[in-house]
Each structure stands twice: as C-alpha cells, then as structure tokens.
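# Chain and residue survey
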Amino acid sequence: MDESANHPPGQPHYRIDGFDNQRLVVVPRPQVDAALDRPGTRRLTVTDAGYFPAAAGHRRVRGHGAGETIVILCVSGSGSVSIDGEEHALTRGACVIIPPHRAHVYQASHTDPWTIWWMHLRGSDVAELSSSMLGAPRPLTRLRSVDRVSALFDEIVSLLERRLSQAHLLSASGLAWHLLTRIEADSVLPADGSPLERAMRYLEARVDGSIQVAELADLVGMSPSHLSALFRRATGGGPGAFHTGVKMARARELLDTTELPIADVATAVGYADPLYFSRHFRRVHGVNPTTYRAQHKG
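I will try to describe carefully the structure that is included in this document. (Residues numbered from 1 in each chain as written. Predicted model: local features only at pLDDT ≥ 70, side-chain atom pairs only at ≥ 80, totals over all residues. Heavy atoms only, no water.)

## Considerations on the pairing of strand β7 (residues 94–98)
What counts here: When a residue's accessible area, from a 1.4 Å probe over protein chains only, is under 20% of the maximum for its type it is buried; when over 50% it is exposed; and in between it is partly exposed. Comment: elements are numbered from the N terminus, with helices defined as DSSP H or I runs of at least four residues and strands as E runs of at least two. Each pair of strands is called paired provided DSSP finds at least two bridges between the two strands.
Among the five residues of β7, five are classified as buried, and the element is accordingly described as predominantly covered. Where burial is concerned, the two faces of β7 agree: the one with Ala94, Val96 and Ile98 and the one with Cys95 and Ile97 are both buried. Of the pairings in the sheet, the one linking strand β4 (residues 69–76) to β7 comprises four bridges and is antiparallel in character. Paired with isoleucine 72 across the two strands is valine 96, which belongs to β7. Here three bridges tie β7 to strand β10 (residues 140–142), and the two strands are oriented antiparallel to one another. Looking across to β10, one finds that valine 96 is bridged to leucine 140.

## Some words on the environment of glycine 93
Put simply, the rule reads: Any two residues whose heavy atoms approach within 4.5 Å are treated as being in contact.
For glycine 93, the position within the fold is in the loop between β6 (86–91) and β7. Excluding residues within four positions of it along the chain, glycine 93 makes contact with Leu73, Cys74, Thr141, Arg142, Leu143 and Val146.

## Some remarks on the side chain of glutamate 68
Cut-off, in case you're wondering: N or O atoms within 3.5 Å of each other form a polar contact, as long as, within protein, one can give a hydrogen and the other can take it, and as long as residues adjacent in sequence are counted only when both atoms are side-chain atoms.
Residue placement: glutamate 68 occurs in the loop between β3 (59–62) and β4. Glutamate 68 sits in the buried class, given a relative accessible area of 12%. At 3.2 Å, the side chain of glutamate 68 and the side chain of histidine 120 are in polar contact. If sequence neighbours within four positions are ignored, glutamate 68 has contacts with Arg29, Thr47, Ile98, Pro99, Pro100, His120, Leu121 and Arg122.

Here it is, written out as structure tokens:
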C-alpha cells in the first residue's frame, strides 16, 4: 500500500494529493487481468503510468513492494530511491527499475523536487527485459537520450489517456517494450566524444586498414584492457570484432550495389588475400561472397 506518512515536527511535509499539471493513468485491474491472458499483452502490460512535474512533497513507501515492476525516469530536479534499504540518488537522466515485491521508498528532493515519468508493468517477459539492469550492482542507469525515452513515456501516457481498449493496451505494450530496450541500449552505447565513441569512429573511418588494440587504446587515452572491456559491454565483442563487423558491412554494401570483382571488394575492406577474405566472409555469413551476391534481397 502507498503511504504518505504524517510528518513529525521539523520534518518535511509529504503531499498526499496530486501535483500541478500532473498526468496519471490507471488501468482497471479487471482489464489488466484480461490483458495478461491475451496474446500480445500477456508478455508485457502497462498497468499504470504518469508524469509528475516539479513534484514537491512526492513520496511513496511500500514496505512489501508492489505487484508490478516500476520504472522511473528523472528528467529534472532530483530525488532518491531506496530498495531493500539501499539508497540511490536520482538526478536528471537517471532511470531506475524497481523489481516487484521488493520493499522500497522513493521521494523527491525537498530543495530541488524532481520531475519524473513513471510506469508500472506486469507480464511474463518484464523480468527478462529488465534483467540486465536488475542484475547490475546498482539498479540504476544514466541515459544520454533522455528526450527520446521521455517521448516514449509521453506516447504511452497519451495513448492510455484517450482510451483503454484492447488495441490501446496492445499499442502501449509495444511502446513499453521499445522503451525498455532503448533504456538498455542507451545505457551501454557510448556518449559523443567519449573514448569509446572516438575509438569506434576511428575504426569506422579505417575500414580498409588495421590497427592493434594497444595503438587504438593509446590514441584515445586509456589502457587496452579497459578499452576492450568497454567494447565488450557495448557491442558484445572486443575492438577486433567490432572492426571486422565494420569491414563486413562495407563488403556487403559493395557486393549488393556494385559489380566489383571479389578481389577488389577484398582490397576495399583491407584484405590483401581474396581467398582469406572469402573464408572470413563465409565464417561470418554462412556463404561465400559470390553466393551472397547472387541471393535475391528485398
């Protein structure tokens, strides 16, 4: 149960009513239950969503947690979230996912109250979609594309404000799925100007060349092991695998859009030996360059 506790003398006052210009949607629980029994929404259903601007006095206490997964995005101001007694600060661009049935408290700063988008989710796939964040040392991530994620929240709330039909709930589920995957991707992709982003740009600009990890790390001012770890977190592989992916993407483009001989395609993506290029291309694509080119696409 939500609580906005009576405050003792000298302590901040917490509001139990709404906030100016807030937006709030609650899906009736019989409709939630029906959605969780239908294809398309059983895997993920938005049960509640909203927007609380400059939410002075906002506080929620759930000693036994909630039945849903809660997603909160702070777009301005600040506040804090405590999960099982461990406190985390939320400032602009921070997003937290609170698992179901976990005791938690969240509240806006008394001096700089937050503006937040939030939603509650249920469904068979919610835990899996949010597992990478929930499994992190901190259940909080910082986003770079705050406006894009905010726009998805806005679209979900706007959709459910209009009507709570099956079609609207289905559309909200799709948007929420997109929102969760964008949060995950945005939390690992490099920021503009960061060492990882500069390393990626360098490799993308040298599709016909090669470089050692130590040289690349030196160019962006970090250790080879740290750079490799950043690449693996963002892409699933090291710098070499990323560069190979860049080369193979360019090779596919040349095979699909030109009539260059295979040897010239190999040279264009940095392979001096066409046979080695063909073997490498086959390992990546399952077919050799000639067969790939002959396939009908589109």
